[in-house]
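Given next are the chains, with one letter for each unit.
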Protein chains: 2
Amino acid sequence: MTKDVLVPRGYRFAGGRCGIRGADPRKDLALFVSDREAVAAGVFTQNRVCAAPVQVSRQRVPQERARAIVVCSGNANACTGEQGLRDAWRMTELTAHLLGCDARQVLVCSTGLIGKPLPMPCIETGIPTLAKQLSDAPTALLAAAEAILTTDTRIKMACRTQEVAGTEIRLVGLAKGAAMIAPQMATMLAFVLSDATLAPASLDQALRQAVDRSFHCISVDGHTSTNDTVLTLANGAAGIAPLQGEDLERFGRTLTEICEDLARAIVADAEGAAHEITLVVEGMRTASEAQQIARTVANSPLVKTAIFGGDPNWGRIVSAAGYAGVEFSESDLSLWIGDFLLYERGRPVNHDAAAVSRYLRDNREVVIRLRFELGAAGCRFWTSDLTYEYVRLNAEYTT
Amino acid sequence: MTKDVLVPRGYRFAGGRCGIRGADPRKDLALFVSDREAVAAGVFTQNRVCAAPVQVSRQRVPQERARAIVVCSGNANACTGEQGLRDAWRMTELTAHLLGCDARQVLVCSTGLIGKPLPMPCIETGIPTLAKQLSDAPTALLAAAEAILTTDTRIKMACRTQEVAGTEIRLVGLAKGAAMIAPQMATMLAFVLSDATLAPASLDQALRQAVDRSFHCISVDGHTSTNDTVLTLANGAAGIAPLQGEDLERFGRTLTEICEDLARAIVADAEGAAHEITLVVEGMRTASEAQQIARTVANSPLVKTAIFGGDPNWGRIVSAAGYAGVEFSESDLSLWIGDFLLYERGRPVNHDAAAVSRYLRDNREVVIRLRFELGAAGCRFWTSDLTYEYVRLNAEYTT
């Protein structure tokens, strides 16, 4: 995998284990450091119950002097009261001390179990140890990408370049997440680092647009996490002038592509999933109505179990669209599974049910298309199916 | 069971099999007939995609001249276009012809698979055959109660009496439903028949209040059906004067009790359920905010799988409350599972996790209580857990 990794200039990384999960040998602590002050933007969970690191980081973006992101996995530091806030703040202070900067220049994230205090002795020794391993090598980036995972089975990373006035700028995105995924205003942890130069407002706006078309368009189980955070840094190390005009728009599209890759990687690794489902909604009045319909279909356990069972049960899909709270008539709606038209403007269409079932059974990636006759807006939305394995993983996961 | 059945005066019943499910031997056709004209009220699904019988019945209530309800199971007659409307209308016409009344005096319901046309030849011969078996015997009522079921494993019935000016009036309620249960404005099929005398507006209002505290307070899987219908008839056969004042209020409470019994019976028979969960929300500003929190917790697959696994994962419950869209602070919230206080005003409470886990494992009926500090409103809400069996039933259920 290292041959595909593109490291943006002026960053160093480290990922290691400090013992947050006790004897569990998995990595649990990551550092992303910019060697120069970077512009930073962030989008966070809208959950009323939000974790301590979200409360701390939210107050620190957007800013122009960010130096680092410190992340621990295995413990969410959520629902931990004032002690949680002190611990999140302390993580940034420890990191800042090692970098010779102010704590406010460090952003912090946590992910894992809710409701347990952080084991601070591990972290107090873990951060200084980890800082000694900071490196700009691709292997260091991969170690950091691994250290942010919880029930994920694989690293989620996306890289892009963009040419600006003869200079190549580089972006790399990292994410984690496999359940408790139903971002309302953000998603699980994701980080996009670039060596571009941007005004803070430009970066903030580009991130919001990218998140709206990516992390806002996925759901594994409809449960919005307490810790959802997307952070992006742009440190200007590529040596270009601040992006504007067409270059800035292209940067926004590139950022969206990276966020979409990461969002889809989360769905592809959804807990217990046997299918990756792309919902395409077309012909709606507004993109937000299209998203509302897609989200409602994506969150129906009856739709999810039907896809798991290879059952082309289009009635469950149509009826889920019907309770999305969006006004339409049955005669406005046509529905395809793969290339099979099953329902056309409010009427069932004769079809080869065995062939549709084969399509669902033989493909891990499947497409469901709902076409309305109400306008020109639409969306794509990604979700997973509901399987025995999802139930097993979440019935056996212990606090 | 017949010894517990209380038949209101002036009604006859029949339930039988006409072959809607092909060779399947289950009953699939039911008739509820009032021998005199009855006041009727109804509440129906708010799904934008609503079945043909819902469209037909909705136009016929409230009314003062209702004579019958005809119900078929095994086929929902939903998403069937104009043919579906003609078939639903024909079911009422066939019934009316046998009773010597107008088709508009007959209400109709269907439940089962979505998207297949009704097998009308079965129904054309089935209704006249069934009409010959109409009887006021408890066994006839039970046969009708059985004939409305689909994946239900048992009959759902509730009986009550009320004394009015020295006369006993009788109410009996019947329901079906085990999945696709997330009533937004109504629920699955439920019927409450009484021999009371009421003005149509009084019955309509009493029904809406009863439904709001019963069927609106359950969810199995968050998927609102296309066919949800609650109908109530009051035929005045007890020979009392029209209910008003205190008697009418008591009737409303009795109707609510019956609807609550039926709603809880649906959750108790939820597909694959291993637990019946009562959510108690207290101390909220309004009942609707309390319901919104309860519904969000009830629909979280992560909460449902935790209860299935006997895992007292209170963090999932608190975080689900957090994304319900209701404003509160963590310090407003305390949480109990059974008698165990796990979270108090925003802070985890030391507790015996093994004992809480034993409580969840040893009891099919469990109680989760969320207490806020924001007001005096609250609600009770009933739901089920998410099990391997739910996934199996719905992955293997074939269109």
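This one's a predicted model, so the numbers in the text were calculated from it and none came from an experiment.

Draft legend 1. Looking closely at the nonpolar core. The biggest cluster of nonpolar side chains holds 234 residues, and the ones touching the most others in it are F32, I293 and L370 of chain A together with F32 and I293 of chain B. I293 of chain B has contacts with V281, M284, A321, A324, V326, F328, L370 and F372 of chain B, leaving out every residue within four places of it along the chain. Core analysis: the next-biggest nonpolar cluster, separate from the first, contains 28 residues, A14, I20, V70 and A88 of chain A among them.

Draft legend 2. Just the domain arrangement of chain A, in detail. All names here are of chain A. Here chain A is described as being made up of domain 1 (2-268) and domain 2 (276-395). For domain 1 versus domain 2, the separation of C-alpha centres amounts to 32 Å. Across the boundary between the two partners, domain 1 contributes 15 residues, which contact 14 residues of domain 2. At the boundary of domain 1 with domain 2, total buried surface from both sides reaches about 1300 Å², with 44% on carbon and sulfur atoms. At the boundary of domain 1 and domain 2, one finds 1 salt bridge. With its nearest N and O atoms 3.3 Å apart, the salt bridge here joins R380 to E260. The interface formed by domain 1 and domain 2 contains 11 residue pairs in polar contact (both at pLDDT 80 or more). Those elements giving two or more residues to the side of domain 1 that touches domain 2 turn out to be β8 (218-219) and α6 (245-268). For the side of domain 1 that touches domain 2, a count of residues per class yields 6 nonpolar, 4 polar and 5 charged.

Draft legend 3. View of unusual backbone geometry. Between V61 of chain A and the following residue, P62 of chain A, the backbone shows a cis peptide bond with an omega angle of -10 degrees. Along the chain, P62 of chain A turns up in the loop between α1 (52-58) and β3 (63-75).

Draft legend 4. Focus on the interface of chain A and chain B. Taken together, the 56 residues of chain A in the interface contact 56 residues of chain B. For the chain A and chain B pair, buried surface summed over both sides reaches about 4500 Å², with 60% attributable to carbon and sulfur atoms. Connecting chain A to chain B are 1 salt bridge. With a closest N to O distance of 4.0 Å, R48 of chain A and E327 of chain B form a salt bridge. Its residues assigned to classes, the side of chain A that touches chain B shows 25 nonpolar, 21 polar and 10 charged.

Draft legend 5. Highlighting the relation of the copies chain A and chain B. Once chain A is rotated about the relating axis by 180 degrees and shifted along it by 0.0 Å, it coincides with chain B to within an RMSD of 0.0 Å. Within this description, the copies of the chain are treated as partners about a two-fold rotation axis. Judged by C-alpha distance, Y388 of chain A is the residue of chain A that lies nearest the rotation axis, at 2.7 Å.

Draft legend 6. Quick peek at the environment of F381 of chain A. All names here are of chain A. Examined against the element boundaries, F381 turns out to sit in strand β15 (residues 377-384). Sequence separation of F381 and K156 is 225 residues, and the distance between their C-alpha atoms is 18 Å. Residues within four places of F381 in sequence aside, it is in contact with H216, C217, I218, S219, I277, T278, L279, Q291, A294, R295 and A298.

Draft legend 7. View of the sheet that holds strand β11 (residues 334-337) of chain A. All names here are of chain A. Spatially, β8-β15-β10-β14-β11-β12-β13 is the arrangement adopted by the 7 strands of the open sheet, whose pairing is mixed. Of all the strands in the sheet, just β8 and β13 (347-348) have a single pairing partner and so form its edges. The strands touched by helix α9 (residues 314-322) are β11, β12 (340-344), β13 and β14 (365-371); relative to β11, the strand with the most contacts, the crossing angle is about 135 degrees.

About the cut-offs
Residues numbered from 1 in each chain as written. Chains lettered and ligands numbered in written order. Predicted model: local features only at pLDDT ≥ 70, side-chain atom pairs only at ≥ 80, totals over all residues. Heavy atoms only, no water. Core = buried A, V, L, I, M, F, W, Y, C linked by side-chain atoms within 4.5 Å. Buried < 20%, exposed > 50% of the residue type's maximum accessible area, 1.4 Å probe, protein only. Contact = heavy atoms within 4.5 Å. Domains from an automatic or database assignment. Buried area = accessible area lost by both parts, 1.4 Å probe. Salt bridge = Lys/Arg side-chain N within 4 Å of Asp/Glu carboxyl O. Polar contact = N/O pair within 3.5 Å; in protein donor to acceptor, adjacent residues only side chain to side chain. Helix = DSSP H or I, 4+ residues; strand = E, 2+ residues; numbered from the N terminus. Nonpolar A, V, L, I, M, F, W, Y, C, P; charged D, E, K, R; others polar. Least-squares fit on C-alpha atoms with pLDDT ≥ 70 in both. Pairing = 2+ DSSP bridges. Axes fitted to C-alpha atoms, helices over the stretch in contact; angles between N-to-C directions.

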